[in-house]
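This is what each chain is made of:
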Amino acid sequence: MAPSEAEIQRQKEMQQAEELLFSGRQELGFAKGLFLGNFVADWVMPYPRLEATRQTELESALSEVRQMLDRDLDPDWIDRNADIPRHLIEGLARTGVLGMTAPREVGGRGFSQMQYCRILEEIGKRDASTSVFVNAHHSIGIRALLLFGTREQQAQWLPSLVAGEKLAAFALTEREAGSDAANVRMTATPSEDGSHYILNGEKRYITNAAVSQVWTVMARTPVPNKPGKDAITAFLVTPDTPGVEMIEGRMPKLGIRGTATGRFRLNNVRVPKENILGPLGKGLRVALTVLDFGRTTFGACCTGAAKHCLQLAIEHANSRQQFKKTLGNFDLVKKKIARMAADVYAMEAMTNVTASLIDRGLEDYMIETAMLKVFTTDRLWEAVNDAFQIHGGSAYFDDNPLGRMLRDARINQIGEGSNEVLTSFIALVGMRGPGMEFKEIYDTMTSFAFNRMSKAWSAGLHRLGAAVRTPNVPVQSAELRGFAGQLGRLIWRFNIAVNRCLVVYREPVLDMQLIQERIAGAAMELFASTCALSRWDSELQARGRNGGAPPPDFSAPAYFLRKSIRHAKKLLAELNDNDDHALLDTANAALRATK
C-alpha cells in the first residue's frame, strides 16, 4: 500500500532532522549519556574553574565594566525612552564587552566563554535590554563570523564590529519561521554569471536591526545540480545596500523596550557571493551552532537577573513589617526566598558547566545548551514572580524595578527557540541513542539478517547493561555520597523510563509532546542536580584547603538537590499515572467549539 501524504511528509521531516542534527560528529556527551543510563563524569566533574591568570583577567574586566555600568547604565531611562543611549554603547565598546571573545588580533579581548558569561551575568543583573542588545551583537552576531567566516571576511568585518564602530544583527525570524527555523522563505537567487545573489523577502522581530550595520541573513538558495531543491544559506548583508527597506525600525513591545527590534524587507538586494557566510546551503548549521553560544550567555543573563530578584526580595523581607513581624519571619515568604536561593545556585552552576564545554573544545553540546536555556528562563520567571509577590502592591508601581523586570523576563521563554520547542528537542534528540539501539535489535530479529547480528548483540548488551547497572557519580566529599547515590539511582530509573516509552509507544512517541515534556523535564533536573552537586563538591574541597576560613553555608545546594530529585521522580511517575487523555479531550472539545 502506498504511503499517505502525511506519512511522506513525516519521512521528509525526519530526513531533514537527521541531515541537520546528526550529520556531524556524534559524541557521547553528558545529556546523551543520561538517556543511555550512563554518567559521563568528565563532562561535569570536577567543577570547572578558571585558571589563576584567567580569573585575574576576569576580575579586572569586571571591575572596569561595573564602574562603567554604574556611571552609564540607567535601566529606567532605557525603559521609558525605548532606547539604549549612544554613550552606553560607547562604554560597552570601550570596556571590550562588544568584542569580548574575539581574538586580540582583531581588537578583541580573547575571553573564554566562561569569562564572557560572567560579564553577561553582571549586565543581566542590571538591565535586560542592555544584555539582550549585547547578546544579539556578540553572541549571535559576531559569533557567526568568528566560527564560520573566512580569513578575508574576518579581516574585513570584525575589527569595526569588535570596536563597536559597527553593530551586528542576526536575521532569521520571518512570519512563518521562528522556532521552526527550517521554514525560512526569503530567497537568494544566483545571478547568471554567479557573481552575486539576489535576495527577496521579509524578516521581523530582528534585535538591533535598526541600529546595526552588519546583518547575518538566512535565505533559501537553490542546490547546485539538483533542480527544484533548495537549502538555507547565511549571507552578510549591509542595510545601506540598494533595495533594503526598513519597514519598522523599533516595533513597540511589552518588555526589553530599549532594544531596537525591527522588521525589514529585501527587494532584489544584490549581495556578492563573497558575502556567503559558511558553506553554501548550510545556513541552518550556522544558525544552530551560533544559537548554542547565545543560549549559554542567555543562561548567564537570566542568572544575573535572578540574583537581583533574590537580593530585592531579601532586602524587602528584612525591612517590611506586617503583624508586628518582618516579612522574613513568615514561612510562606521563606519558602519563596529559599526557592530563589536554591535555583540561583543551580543556574550559576549550570551556566559555568555548559560554558566550559565550549571552552574545552568539546562537540555536540546542543542538548546541554537547550537545557540551560529552558531551565534558566523558567526559573527566572518564577524568581521574578516570587519577588513581586513578596513586595506585594508596591511592586505594581513604576518606582519599583520589579514591574520592568517582570515585563523584560517574559520574552526569555520565547526567544532563541521557544521553551516548548526546545523541550521536545531535548526529549527527541536524547531518546535517539537508545531508540537506535532498540531499532537495531528489532530489525535484526524481524529480518534475520546475520550480517547485522554483531551490531544487534552490542546494542542488546548496552541496553541490558544500563538496565542492571546503577551509574556511579564520583564525588570527592564524603558528606555528598548520599546525594551522589540518590542521583545515580535516579539516572538508572530515568533510563528504564525512557526504554519503556520507546518500547511501548515506538514511533508515535515523536508526536506525544506530553510524554516528551516529562522526559525532558526529568533530564533537565538530572543535569541541574549534577551541576549543583559538582559545584558543591568543589566548594567543599576548597573549604578544606582554606584552613581557618569560616565555613560557608551550603543550605542552598542541599535544598536544591532535594527538591530537584523529588521533582524528577514525580515527572517519571507521571509517565504512567496522568490525566493526559482527559486533558487532550478537554482541549479538543474547546478547540472544536470555537470553529
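Everything here concerns the structure above.
This section reports on the structure supplied with the text.

The secondary structure content of the protein amounts to 18 helices and ten strands. Expressed as a percentage of the 595 residues in the protein, the buried residues total 53%. Of the contacts formed within the protein by residues at least 6 apart in sequence, a portion of 75% connects residues at least 24 apart. With an accessible surface of roughly 27,800 Å², the protein has 53% of that area assigned to carbon and sulfur atoms.

So, about the pairing of strand β3 (residues 196–207). Strand residues, when the strand is regular, have side chains that alternate between the two faces of the sheet. Relative to β3, strand β2 (residues 187–190) is paired through four bridges, and the arrangement is antiparallel. Following the sheet pairing, Thr187 is matched in β3 by Asn200. Connecting β2 to the antiparallel partner β3 that follows it, the hairpin turn spans five residues, and Gly194 within it adopts a positive phi of roughly 75°. Here nine bridges tie β3 to strand β7 (residues 261–272), and the two strands are oriented antiparallel to one another. Residue pairing across strands places His196 opposite Pro272, the latter belonging to β7.

Taken together, the side chains of Arg489, Arg493, Arg562, Arg566 and Lys569 make up a positively charged region of the molecular surface. For the positive patch, the secondary-structure elements that each account for two or more residues are α15 (481–505) and α17 (555–573). No other element matches α17, which puts three residues into the positive patch. Take Lys569: it is sitting in helix α17.

Before going further, it helps to examine helix α3 (residues 52–72). The terminal C-alpha atoms of α3, which comprises 21 residues, lie 30 Å apart, in line with the 30 Å expected from a rise of 1.5 Å per residue. Those residues of α3 that fall on the buried side of the exposure criterion are Leu58, Ala61, Leu62, Val65, Met68, Leu69 and Asp72. In a view along the axis of α3, the buried residues occupy a sector of 135°, so they form one face of it. Relative to its buried face, α3 has exposed residues pointing more than 90 degrees away, namely Ala52, Thr56, Gln67, Asp70 and Arg71.

Another aspect to go through is the pattern of salt bridges. Within the structure shown, the criterion is met by 33 salt bridges. For Asp76, the salt bridge goes to Arg404, with nearest N and O atoms at 3.2 Å. Of this pair, Asp76 sits in helix α4 (residues 75–81) while Arg404 sits in helix α12 (residues 401–409), and the two are 328 residues apart along the sequence. With relative accessibility at 33%, the residue Asp76 sits in the partly exposed group. The class for Arg404 is buried, based on a relative accessible area of 8%. Taken together, the shared-partner salt bridges in this structure form one network comprising Arg66, Asp70, Arg118, Glu121, Glu122, Arg126, Lys307, Glu348, Arg535 and Glu539.

Cut-off values and rules
Residues numbered from 1 in each chain as written. Predicted model: local features only at pLDDT ≥ 70, side-chain atom pairs only at ≥ 80, totals over all residues. Heavy atoms only, no water. Helix = DSSP H or I, 4+ residues; strand = E, 2+ residues; numbered from the N terminus. Buried < 20%, exposed > 50% of the residue type's maximum accessible area, 1.4 Å probe, protein only. Contact = heavy atoms within 4.5 Å. Areas by Shrake-Rupley, 256 points an atom, 1.4 Å probe, with all protein chains shown as cover. Pairing = 2+ DSSP bridges. Patch = residues over 30% accessible without salt bridge, like charges linked within 9 Å, V, L, I, M, F, W, Y side chains within 5 Å. Salt bridge = Lys/Arg side-chain N within 4 Å of Asp/Glu carboxyl O. Lys, Arg positive; Asp, Glu negative; His and termini not counted. Charge placed at Lys NZ, Arg CZ, Asp CG, Glu CD. Expected span 1.5 Å × (residues − 1). Arc of directions from axis to C-beta.

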